[in-house]
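What follows is each chain in one-letter form.
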Amino acid sequence: MTLRECYRQMGGNYDDVVGRFYSEPLVGRFLIKFLEDPCFEQLTEAFAAGNVKDAFCAAHTLKGICQNLSLGGLGRPLVEMTERLRAEDLEGGRELLEEVQRNYHNTIRAIRSYQENPEESGQ
């Protein structure tokens with residue numbers, strides 16, 4: 001799988017991220033590091049505990065990572081979730097949790113596929 005194909009599968013913006021980092025291998029390394037990031041687990045734990053402040057912190061951090069890596073498929077619902085949690089609306093944030101979870105798992109699957117079979121894009 002090429003990095004471009006990975007981004008297409010995730011609903012991300014390949015051209016944007018490569019333009020920002022100037023290096024496809026660098027983007028690939030950061031993308032694989034995303035697999036180790038604890039924010040999603042922290043987000044789900046905060047919702048389970050009913051902790052709006054921790055949920056906001058995790059959602060906000062995860063949103064920032066998504067914006068930096070141009071992971072739009074996951075980042076878009078996190079923007080709205082972050083704003084609801086900023087207003088201390090835990091239930092409003094929870095309404096977006098299923099969509100965030102679905103997009104997160106799609107993103108992780110795509111990154112793992114890329115990690116297992118990286119191919120050069122030939123640019």
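Refer to the preceding data block for the structure.
Residues numbered from 1 in each chain as written. Predicted model: local features only at pLDDT ≥ 70, side-chain atom pairs only at ≥ 80, totals over all residues. Heavy atoms only, no water.

Undergrad: Go over the pattern of salt bridges with me, naming the residues and quoting the values.
TA: A complete count under the given rule lists nine salt bridges for this structure. A salt bridge links Glu95 to Arg84, with the shortest nitrogen-to-oxygen separation between them at 2.9 Å. Placement of the pair is Glu95 in the loop between helix 7 (90–94) and helix 8 (97–116) and Arg84 in helix 6 (residues 72–86), with a sequence separation of 11 residues. Overall, Glu95 belongs to the exposed group, its relative accessible area being 60%. We note a salt bridge from Glu98 to Arg102, for which the minimum N-O separation is 4.0 Å. (Salt bridge = Lys/Arg side-chain N within 4 Å of Asp/Glu carboxyl O. Helix = DSSP H or I, 4+ residues; strand = E, 2+ residues; numbered from the N terminus. Buried < 20%, exposed > 50% of the residue type's maximum accessible area, 1.4 Å probe, protein only.)

Undergrad: Which residues make up the side chain of Lys63, and what are the values?
TA: Here Lys63 shows up in helix 5 (residues 52–68). Here Lys63 is in contact with Leu78, Val79 and Thr82, once residues within four sequence places are set aside. (Contact = heavy atoms within 4.5 Å.)

Undergrad: Kindly report on the packing of aromatic side chains, identifying the contributing residues and their values.
TA: Inspection of every chain in the model, using the stated rule, returns four aromatic pairs. With a centroid separation of 5.4 Å and an interplanar angle of 45 degrees, the aromatic rings of Phe21 and Phe30 are classed as tilted. Judged by centre distance (6.2 Å) and plane angle (50 degrees), the ring pair of Phe34 and Tyr104 falls under tilted. Here Tyr104 lies in helix 8 and Phe34 lies in helix 3 (residues 24–34), a separation of 70 residues in the sequence. Within the aromatic cluster, the residues linked to one another by ring pairs are Phe34, Phe40 and Tyr104. (Phe/Tyr/Trp six-rings, centres within 6.5 Å; stacked < 30°, edge-to-face > 60°.)

Undergrad: Run through the environment of Tyr14, naming residues and quoting values.
TA: Assignment of secondary structure puts Tyr14 in helix 2 (residues 14–21). Spatially, the C-alpha atom of Tyr14 lies 5.7 Å from that of Arg4, the residues being 10 residues apart in sequence.

Undergrad: Quick one: what's the story with helix 2, residue by residue and with numbers?
TA: Listed as buried for helix 2 are Tyr14, Val17, Val18 and Phe21. In an axial view of helix 2, the angular spread of the buried residues amounts to 95 degrees, which keeps them on one side of the axis. Along its buried surface, helix 2 packs onto helix 1 (3–10), helix 3 and helix 5. Two or three places before Asp15, at the opening of helix 2, Asn13 has a side-chain oxygen 3.3 Å from that residue's backbone nitrogen. Just beyond helix 2, the residue with positive phi is Tyr22, at close to 65 degrees. (Arc of directions from axis to C-beta. Polar contact = N/O pair within 3.5 Å; in protein donor to acceptor, adjacent residues only side chain to side chain.)

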